[in-house]
Amino acid sequence: VIVLPLLVAASQRSWLPMSDAAAVSLGEWFLADPPTRSLESLVGILQGDPPLALWVALKADRSGSAPSRSLADLAALLAEHGLAWLPWDAGSIDPEIDAGLGRQIAAQVAVAVLISELAAELAEVHGATTAGQARFLGLLHDPAQWLAVLKGTSSEQAGIGPPDWLAPRHFDPAAHEAVEQAICRIRVPPRSSNTQGVPAVLADMPDVSPECLERGLEIASHWAAPHRAARWLRVLTAKLARLSALEQSFREAVEVEKMAAMSEFAAGAGHEINNPLAVIAGRAQLLLRDETAPERRRDLALINAQAMRIHEMIADLRLFAHPPELERQSLDLTVLVRGLIDNMQSLAAEQETAMSLAGAPGEVRIEADPVQLAVAIRSLCQNALEALGQGGRIEIAVGSEGNEASVAVCDDGPGILPEQRSRIFEPFYSARQAGRGVGMGLSKCWRIVTLHGGRLEVDNRAGSGAVFTIRLPLGKRDDDTD
Amino acid sequence: MVEMKTVFTTGEAAKICKVSQQTIIRCFDSGQLKGFRVPGSRFRRIPRDQLFSFMRDNGIPTDALESGKRKVLIVDDDAELVELITDVLERDGRFEIRTVNNGFDAGMMVKEYHPDLIVLDVMLPDINGKEVCQRVRADHNMDDVRIICISGMVEDDKIVELRNAGANDFMHKPFEVEKLVERMCHHLDIETVHTS
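Now for a description of the structure that goes with this document.

Reading the values: the criteria
Residues numbered from 1 in each chain as written. Chains lettered and ligands numbered in written order. Predicted model: local features only at pLDDT ≥ 70, side-chain atom pairs only at ≥ 80, totals over all residues. Heavy atoms only, no water. Helix = DSSP H or I, 4+ residues; strand = E, 2+ residues; numbered from the N terminus. Contact = heavy atoms within 4.5 Å. Areas by Shrake-Rupley, 256 points an atom, 1.4 Å probe, with all protein chains shown as cover. Buried < 20%, exposed > 50% of the residue type's maximum accessible area, 1.4 Å probe, protein only. Polar contact = N/O pair within 3.5 Å; in protein donor to acceptor, adjacent residues only side chain to side chain. Buried area = accessible area lost by both parts, 1.4 Å probe. Salt bridge = Lys/Arg side-chain N within 4 Å of Asp/Glu carboxyl O. Pairing = 2+ DSSP bridges. Axes fitted to C-alpha atoms, helices over the stretch in contact; angles between N-to-C directions. Phe/Tyr/Trp six-rings, centres within 6.5 Å; stacked < 30°, edge-to-face > 60°. Lys NZ or Arg CZ within 6 Å of the ring centre and 35° of its normal. Parallel < 35°, antiparallel > 145°, perpendicular 65-115°, else oblique. Left-handed = near helix turned anticlockwise from the far one by under 90°. Nonpolar A, V, L, I, M, F, W, Y, C, P; charged D, E, K, R; others polar.

As for the overall build of chain B
Here is step 1: When helices and strands are counted, chain B shows nine helices and eight strands.
Here is step 2: Taking the contacts inside chain B whose residues are at least 6 apart along the sequence as the reference set, 58% of them involve residues at least 24 apart.
Here is step 3: For chain B, the accessible area works out to roughly 9900 Å², and carbon and sulfur atoms hold 50% of it.

Written out as structure tokens, the structure reads:
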């Protein structure tokens, strides 16, 4: 076959010219730009005798006589229209009849486009005759395989995976460089600064689906020489990391939306509920004034007090919905936490819980509202105390990593069930089985931390217990001296 | 039963006559309005009958003095709450009460009734409380009208806005009914503790 390239496509036979000179001349003519050859005539030739057309095109491209149409143009053309133009026997690859096969061929053509792009790039780097183009010729030296790919007659073997002819043996080191650059061009949407823009993030997702990148990685691994592979993999790893960061920011955006919706609810419900509360409390107060029987006086006072209790819950919710403005100042997180632990020592002692600072952290300087941040950390400690009930141990760790400061409150009480984790910061979400997250404490903490531009994370410890971690951006240190 | 007040300060007399305190002091000092000074001080006091003849002689309507009651307008769209406040004030006995349930009627009633004090819900179905305040304050005949706003859901910055719009005071719902009466008395310059 190598000696006499003969291609058989169904009932058609194509005789390809053995002479390079003949092939090149034909190819130059074939690839020449209008007015010599219009697009229509190029299509006509392609339809008339595709194997011949492609063969001479490849020969001409390799000859270095620089036809004005490049192989890349041809490949792009094929990718776009090729399937419709190719005159294979009716039925065998009609995309309408066999959509699956059509897709498969389209996928292969797309791979061909990628490769021809690489070839074009190589041409720029190395001049006219290039390894990439030679690879195309190598492809033609195995015409049965090539036909199988294009025509899909042996689609089972061809599959959609990287064809055998993409194997490393066809590549020289320069090709690796080109592939690496092509991978660098895989488009990843820029990080959206607007976390509200959930739809925008979604819209950009299909371009960088993990499958797409993994596929790129797979193809790359076929081609990679070991020392090159390291660099590609680094690039791909970075892209995959960006992708997972995008997914994370999407999850965070959903969380922010959820909490915003709750705030709206809180604001609305507050007004509606306070009106009847005012009537209940007021009537109880009026009755209490004239009541002398001690039993009834107690009951009336109770009605009044409970109505006021509901009012306080509403007030908490309102605070959650519209928190007061932060009054930021530079402060040492370690000092703040130390003070807080001293403050809570007696409360912890009441239930015989040991509460302490982990290790001996140094200064961790941040810009924050000391009052509100103290409320946030305190509510985590209270949550831990409630979870423990009696005894146990609470450790609070202060630290910094990268550009983030952290406060982690760990306890050895019951951990948090997976189904509770996504809801634990919701106002009044009651995970009573675990004795955690009752009331507004964690919601308040979440809100304050978010206002500070930080995050609140919850995790179970290995063994037992839970750890809540506040992460805050580190303040600028003007006196930074390494 | 309400105990009739027998002696008035110049401030109280000014409110009852709907003139400025300065005018009362001038009339007192010129002898047009008879009274006495609290022994050991310079505080002026006006006995009820003297005030009555002063008002009659000068053509000032005397009904405010006759009833001795202060006029209160309650504005809230929640009927049960209006009923509660009405009950509380009626039991107190020192207040004459009218009620409306929207901002438009409130505007009409302020002009017609000229209350001493308005208890004003901020969230009304039509015109909001802030606007009612502004409309009352736009009419200088109403400068002496005191306004206490009440609301179930008002943030701190909104309270500042209400005060800027002319509200004298603000209370959250639900409130202690006695606190409300206390605040009303404070703004009307009448005794806080009242036994009925």
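Let's pick the thread back up.
Remarks on the overall build of chain A
Here is step 1: Each helix and strand counted, chain A has 17 helices and nine strands in total.
Here is step 2: Split into buried and exposed, the 482 residues of chain A put 45% on the buried side.
Here is step 3: Across chain A, contacts joining residues at least 24 apart in sequence account for 71% of those joining residues at least 6 apart.

Here we look at the side chain of R44 of chain B
All names here are of chain B.
Here is step 1: Along the polypeptide, R44 turns up in strand 3 (residues 44-47).
Here is step 2: When its relative accessible area of 17% is taken as the criterion, R44 is described as buried.
Here is step 3: A distance of 3.0 Å separates polar atoms of two side chains, one belonging to R44 and the other to D29.
Here is step 4: Leave out the neighbours within four places in its chain, and R44 touches F8, T9, T10, I25, F28, D29, F36 and R37.

A short note on the interface of chain B and chain A
Here is step 1: Taken together, the 21 residues of chain B in the interface contact 22 residues of chain A.
Here is step 2: Sorting the residues of chain B by area buried against chain A places R91, M153 and P174 of chain B first, and these three jointly supply 33% of that buried surface.
Here is step 3: Applying the counting criterion to the chain B and chain A interface returns four salt bridges.
Here is step 4: A salt bridge links R283 of chain A to E83 of chain B, with the shortest nitrogen-to-oxygen separation between them at 3.8 Å.
Here is step 5: In this assembly, chain B and chain A are joined by six residue pairs in polar contact (both at pLDDT 80 or more).
Here is step 6: The greatest single-element share of the side of chain B that touches chain A, amounting to seven residues, is contributed by helix 5 (residues 79-92) of chain B.

So, the pairing of strand 7 (residues 404-411) of chain A
Residues and elements named next belong to chain A.
Here is step 1: Within strand 7, seven of the eight residues are buried, which leaves it mostly tucked inside the rest of the structure.
Here is step 2: Bridge count for strand 6 (residues 393-401) against strand 7 is eight bridges, and the pairing is antiparallel. Bridging from a neighbouring strand, E395 pairs with C410 of strand 7.
Here is step 3: Where strand 6 folds back onto strand 7 in an antiparallel hairpin, the turn is made up of two residues, including G402, whose phi is positive at roughly 60 degrees.

What about the sheet that holds strand 1 (residues 7-8) of chain B?
Residue and element names in this part refer to chain B.
Here is step 1: If you walk across this open sheet you meet the three strands as 1-3-2, and the pairing is antiparallel. Every interior strand has two partners, whereas the edge strands, strand 1 and strand 2 (36-37), have only one.
Here is step 2: As defined by bridge partners, strand 1 adjoins strand 3 across two bridges and the pair is classed as antiparallel. Bridge assignment links V7 to a residue of strand 3, and that residue is P47.
Here is step 3: The strands touched by helix 3 (residues 48-57) are strand 1 and strand 3; relative to strand 3, the strand with the most contacts, the crossing angle is about 80 degrees.

Some remarks on the packing of aromatic side chains
How two aromatic rings sit relative to each other is given by the distance of their centres and the angle of their planes.
Here is step 1: The full count for this structure, using the stated rule, is zero aromatic pairs over all chains.
Here is step 2: The ring centre of Y113 of chain B lies 5.2 Å from the NZ or CZ of K71 of chain B, which sits over that ring.

Notes on the sheet that holds strand 6 (residues 117-121) of chain B
All names here are of chain B.
Here is step 1: The strand order across the open sheet built from five strands is 5-4-6-7-8, with neighbouring strands paired in parallel fashion. Because the sheet does not close on itself, it has two edges, and the strands there are strand 5 (95-100) and strand 8 (169-172). Averaged over all pairs of adjacent strands, the angle between strand axes in this sheet comes to 20 degrees, irrespective of strand direction.
Here is step 2: Note: strand 4 (residues 70-75) against strand 5, six bridges, orientation parallel. Bridged to V72 within strand 5 is I97.

A closer look at the packing of helix 14 (residues 333-350) of chain A against helix 15 (residues 370-388) of chain A
When two helices pack together, you describe them by how their axes are tilted relative to each other and by the distance separating the axes.
Residue and element names in this part refer to chain A.
Here is step 1: Interhelical geometry of helix 14 versus helix 15 gives an angle of 45 degrees and a closest axis separation of 10 Å. In terms of orientation, helix 14 and helix 15 fall into the oblique class. Viewed along their axes, helix 14 and helix 15 form a crossing whose handedness is right-handed. Contact residues: L333, L336, V337, L340, N343, M344, L347 and A348 in helix 14; P370, L373, A374, I377, R378, C381, Q382 and L385 in helix 15.
Here is step 2: When the residues that make up the contact of helix 14 with helix 15 are grouped by side-chain class, the tally is 13 nonpolar, two polar and one charged.

Re unusual backbone geometry
Negative phi values dominate among residues other than glycine, just as trans dominates among peptide bonds.
Residues and elements named next belong to chain B.
Here is step 1: The linkage connecting K173 with the following residue, P174, adopts the cis geometry, with an omega of -5 degrees.
Here is step 2: Inspection of the secondary structure assignment puts P174 in the loop between strand 8 and helix 9 (177-188).
Here is step 3: At K18, a position not held by glycine, the phi torsion is positive, near 55 degrees.
Here is step 4: Structurally, K18 can be placed in the loop between helix 1 (10-17) and helix 2 (21-30).

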